[in-house]
Every structure is written in C-alpha cells, then in structure tokens.
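Examination of the molecular architecture
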Amino acid sequence: MQNPTAGPTDATRVLGAVPTDLLIDGEWAAAAEGATFAVHDPATGQELVQVADASPADGQRALDAAVAAQRDFAATSPRERYDMLMKAFELLTDRGEDLALLMTLEMGKPLAESRGEIGYAAEFFRHFAGEALRIDGGYQTAPAGGARFLVAKQPVGPCLLITPWNFPMAMGTRKIGPAIAAGCTSVVKPAAQTPLSMLALGEILLEAGVPAGVVNIVTTSHAGEVMQPLIASGRARKLSFTGSTAVGKVLLAQCAENVMRTSMELGGNAPFLVFEDADLDEAVSGAMAAKMRNMGEACTAANRIYVHRSIAQDFAARLADTMQRLRVGPGVEDGTQVGPLIDDAGRSKVVELVADATDRGARVLTGGQAPDGAGFFYPPTVLLDVPGDARMAREEIFGPVASIIPFDTEEEVVAAANDTPYGLVSYVFTNNLRRALRVAEGLESGMVGLNQGVVSNPAAPFGGIKESGLGREGGSVGIEEFLEVKYIGISV
C-alpha cells in the first residue's frame, strides 16, 4: 500500500538503508582518500547524508574492475543476462515505495512522480531483458559466389555511463539495461546532486546476480577530474552521457582522441505547436504534461509554446487557470503537485529568464515570483506574448514556466520551431490529418508528440538531432549502441 505522506521515520529508515560507499568489483568501499560530500534535500536545503567522494584513483580502480570482468561477462548466454535483468526488474518493482521516497528526498519531485519514475525505470530492465534474447546476425552468399558472409554482433566492451540528476533512476536503467543485455561491463557516474538512487540500484543489481565488476558505481563531486582519465585511457570503448550540450561537446572532444563510441542525449528547446483546429482541452492537458512533468526540469519539456493567434488568449487563460491551481510544496507531503527545483543555481536561472522575458514585454498571467523561505521553490508560471528575442526562447528554462508565443501561419511557426541548434522533441496539436503529417515531417527533431504531451517510452527510440545528441536509447535500436558488428568472410 502506498503511504500518501512520508514522515520523518520513513525518511530516516530509507536513508539509513542506502549504501553510501563506492561500488567497485562487487564490493562497497570508501573512497581511497576517505573523502565524502553532502547530498541535500532541495525542499529544505538541509543535508541528508554524506556519500563517498571518489578520486581519480578510485575511478581507475572501477575501470580496472570493468575491464577485468569484460571477457567473462561477454561470454555469458543471452538467457543468463535476461534472468539478471528480469530479477532486477522485480526487485525495483517490489521496492518501489522506498525507492520513490529516496528519490523525492534527494531530487525533490512529488512522491507520485517518483513512483511513476520507478515504474518507468523498471520497464527499461524488462524491455532490454527481451532485447538480450533478440540479438541477431546474418548469413548470405557473396554476390559473385565462392564465399559466404557471416555477420555477428558482439559487445562493444567496457562502457562509461554518466547520468543526470533530473531522472536519477530511469536514466540509469536506460543505460545499464542495454549494456548488460549486450554483454558490456560499465563504470557508472551519477550526478552529484542525486547519487542515492543509483547507489540503491547498485545494491539491487548485486542481489539480482549481476557478477562482480560488471556494474561499478563511482560517486564524485569533481566529475571531470575522475572521468577524463578514464576516457583518455583507451581501455573504455563506449561513453553514454545524458546532460547539457555544453558538457556533451567537451566529452565528445575527449572521446575523439581514442575514437571512442558515444551516445549523447543532450539539451533541448522543445517547441509545442497548437493550431487553430486543435481540441483546446486536449492541447491544454498536453501542455501540462509536456511542461510540468518533473517541475519542468526535463530535456523534453515544452520550452516554447506556439499558439495560433486566434486562440492564444483562450489557450493562455485555460492554461493559467490550471497552473495556478497546482499545489506547491515538499514532494513528501500529501497532495503536492509541484516540488522544489534542484538547487539555488537552477532556481536563479528561472528567475533570470522570467525577468528577461517580462523586461522585453511578456505578460505574467500567473506566478512569476519566487517565494521566500527554505527550499528552492518556484511557482507554476504562465507568460503570454513572449518575444522571439527573449532568452527563454533560445535557452532551456528547466522550470515550471510556460512561455506562450502567438503565431499566424503554418509556414511561420514551423520555421520558428526549427530556428534553434537543438532538435530533441517537438509537439504538435491539430485535428487536421494532412497538416499533422506535413508539420511532423517538417519539424527538425528526433521525436514528435502528435496530440500528446509525453513521448518517453522504454519501447520507443529516444534521442535527438543537431545539438541535442547522437544515437538513440530505448526501443529495438537501443541495444545496438552497445554492440559492434563483425563481418567474417568464409571461403567455400
């Protein structure tokens, strides 16, 4: 049974159960120099717990373990890897309530959203368990005869997996799942703001029978110093990163030195298009899902909401009415719908972007002022008539702010939507089938939500184009990112 409100006793119990050391070669160990760093509750700003702060030497030990385990793990059968992932899926599901509370404590999202993320995270393990059994190859006769072509797929090798703070469990399983399914070992570096969910996952993976050294977890407050030597070593053969485009570019440059395979899920600037023939209730509901999931702290969040001028006032009024009724508060409290932002820097950026937009003529329909008191809260905010030169039209907001921009023609809005270096996801609301297909095909993004505000699904290929990333996660193609294709020519 779900506990609607988590009390201090629940929090103490959950925090006391999570490991706080590094996971290296199947063992929990303190950082070599004994260093630790604090994890804070964004709803209060108070310290939750101290975790091990890895040094570069600790990172090398973790990679040593991954490299040493690679050969034997690559030789395991698909069924063995399937069983490990399915057991991990079951454990995640069974412990969902405690894991959701842990996530809310370190990240801030409401418990209802944390529960949803645990279920979403678990599904990646179930999905990739199936993909482990479907790794295929090929066999054919050479076109000129006289030879045969055998095509096999093999694990790429030891991987470096870097996960973000906004979805601390699901972004881990989305990378670890296909790595295990493909037969790859890994070193995982979670975000410093939210390491606890990953540490709890590490314990689950050990219990699920994942061999020592296959998944190693390194928590650190100085990621660059720890991860750059691992990239430069030439021993890791794959990097998968979810985070900002700026950091992604740095990592790509580092990976280029050894021609290291990469998957990059980077920043977004998602356009949300509402045409005059859209169902307004459906569009408002979709905007709420696309904007307010995770308090707007998502790369898929609707960043620029373009609404046809003939319905812009009505849409904005309905959205503002819905937004202002949302309950803001600590995620552990019953009824909370909007939790705090991750930290002071995150909230300060939202404050700056709203001030910039209003200085340029945008009108505040609801919200717009950060509250006093503890925690990093910001109210659900709707801005109308946001000018195209406002910073929030070019930068990710990463907060609960809906930026509404009226438009007049289809050609105009598609051009505006594409006028960005980013291309992760777009949203389109229209009841005109021809327009829907025409616009969806014309939008420069890796994903399009058509009359829906959520596109993420473990069974679908997630990823962007342009500066929003490289490669895909999830779906049937997600495992291919962790496999190499080997061609064997056979003389007959």
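Everything here concerns the structure above.
Values in this document were obtained by computation on a predicted structure and should not be read as measured data.

This paragraph deals with the pattern of salt bridges. Counting across every chain of the model gives 32 salt bridges. Across the pair Glu 467 and Lys 249 runs a salt bridge whose closest N-O atoms are separated by 3.1 Å. Residue Glu 467 is found in the loop between strand E20 (465-466) and strand E21 (469-470), and its partner Lys 249 is found in helix H9 (residues 245-256); the two are separated by 218 residues along the sequence. Judged by relative accessible area, which is 44%, Lys 249 ranks as partly exposed. Residues Asp 389 and Arg 360 are paired through a salt bridge, measuring 3.4 Å at the closest nitrogen-oxygen approach. Highlighted residues: Asp 389 in the loop between strand E15 (381-384) and strand E16 (401-407) and Arg 360 in the loop between helix H12 (344-359) and strand E14 (363-366), separated in sequence by 29 residues. According to the relative accessible area criterion, Arg 360 is partly exposed, its value standing at 41%. It is possible to trace a salt-bridge network through shared partners that takes in Glu 276, Asp 277, Glu 410, Arg 435 and Arg 438.

Moving on to the pairing of strand E6 (residues 147-155). Consecutive side chains of a regular strand alternate in pointing toward one face of the sheet and then the other. For strand E5 (residues 138-141) and E6, the ladder comprises four bridges, and the chain directions are antiparallel. What sits directly across from Tyr 139, in E6, is Leu 150. Counted between consecutive antiparallel strands, the loop separating E5 from E6 contains five residues, among which Gly 145 sits at a positive phi close to 80°. Direction of pairing for E6 relative to strand E22 (residues 483-491): antiparallel, over a ladder of nine bridges. The partner of Leu 150 across the bridge, within E22, is Ile 488.

Judged by pairing direction, the sheet is antiparallel, and its three strands sit side by side in the order E5-E6-E22 without closing on themselves. Lying at the two open borders of the sheet, with one neighbouring strand each, are E5 and E22. Mean inter-strand twist for the sheet, computed between neighbouring axes without regard to direction, equals 20°.

Before going further, it helps to examine the packing of helix H2 (residues 56-74) against helix H8 (residues 223-232). Here H2 crosses H8 at 40°, and the two axes come no closer than 8 Å. Put simply, H2 runs oblique to H8. Crossing geometry of H2 relative to H8 is assigned as right-handed. Two secondary-structure elements touch here, H2 through Pro 56, Gly 59, Gln 60 and Leu 63 and H8 through Glu 225, Val 226, Pro 229 and Leu 230. Taken together, the residues that form the contact of H2 with H8 break down as five nonpolar, two polar and one charged.

Thresholds, definitions, all that
Residues numbered from 1 in each chain as written. Predicted model: local features only at pLDDT ≥ 70, side-chain atom pairs only at ≥ 80, totals over all residues. Heavy atoms only, no water. Salt bridge = Lys/Arg side-chain N within 4 Å of Asp/Glu carboxyl O. Helix = DSSP H or I, 4+ residues; strand = E, 2+ residues; numbered from the N terminus. Buried < 20%, exposed > 50% of the residue type's maximum accessible area, 1.4 Å probe, protein only. Pairing = 2+ DSSP bridges. Axes fitted to C-alpha atoms, helices over the stretch in contact; angles between N-to-C directions. Parallel < 35°, antiparallel > 145°, perpendicular 65-115°, else oblique. Left-handed = near helix turned anticlockwise from the far one by under 90°. Contact = heavy atoms within 4.5 Å. Nonpolar A, V, L, I, M, F, W, Y, C, P; charged D, E, K, R; others polar.

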